[in-house]
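# A structural walkthrough
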Amino acid sequence: MTIEEQVRATAAEWDRIVVGNDADEVGSFMADDWVYVDSTGPVTRADIIGWIASGRLAHHSMEVVGEQRVARAGDAVVLTARKTSTGSWEGAAYRADEWISQVWVQTPDGWRCAFSHKTDAQTK
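Anyway, here's the lowdown on the structure attached to this text. (Residues numbered from 1 in each chain as written. Predicted model: local features only at pLDDT ≥ 70, side-chain atom pairs only at ≥ 80, totals over all residues. Heavy atoms only, no water.)

### Regarding the pattern of salt bridges
This model, assessed by the stated rule, comprises five salt bridges. For Asp15, the salt bridge identified is with Lys83, shortest N-O distance 2.8 Å. Taken as a pair, Asp15 in helix α1 (residues 3-20) and Lys83 in strand β4 (residues 76-89) lie far apart in primary sequence, 68 residues in all. Accessibility assignment for this pair places Asp15 and Lys83 in one class, buried. (Salt bridge = Lys/Arg side-chain N within 4 Å of Asp/Glu carboxyl O. Helix = DSSP H or I, 4+ residues; strand = E, 2+ residues; numbered from the N terminus. Buried < 20%, exposed > 50% of the residue type's maximum accessible area, 1.4 Å probe, protein only.)

### Looking at the packing of aromatic side chains
Remark: the centre distance and the inter-plane angle together describe each pair of aromatic rings, the angle taken between the planes. The tally for this structure, following the rule as stated, stands at five aromatic pairs. Arranged with centres 6.4 Å apart and planes meeting at 85°, the rings of Trp14 and Trp34 form a pair that is edge-to-face. Placement of the pair is Trp14 in helix α1 and Trp34 in strand β1 (residues 30-38), with a sequence separation of 20 residues. Aromatic pair Trp14 and Trp104: ring centres 5.6 Å apart, planes at 85°, arrangement edge-to-face. With a gap of 90 residues between them, Trp14 in helix α1 and Trp104 in strand β5 (residues 92-107) connect regions that are remote in the sequence. In this pair, the class of Trp14 matches that of Trp104, namely buried. Here the aromatic cluster, defined as three or more aromatic residues joined through ring pairs, consists of Trp14, Phe29, Trp34, Tyr36 and Trp104. (Phe/Tyr/Trp six-rings, centres within 6.5 Å; stacked < 30°, edge-to-face > 60°.)

This is the structure we're talking about:
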């Protein structure tokens, strides 16, 4: 299996785990210093894990739309994809259509996501 295939498979497994809403399992796919950035700014690994553990954030679905782009950048791999998802935030349902970029790094425990960035998908 190529490195690109390994990262695609790991990212797909992470999406499956995220929908399960098990905070510890979700965290096992993240590097210790993982950060997520959206239009409001950076969010830490501890924040996301805490929100999932408390039920404040719940994911119900996550689907890749179209093709993923995977590119090596030195020892890291950058994966970019359009994804749709549903879930709830503080009890209110949400539906998202976003472009997601993730930086994956190889660790002794396998591929871990070190950085995620999301932005709303816009249709022309």
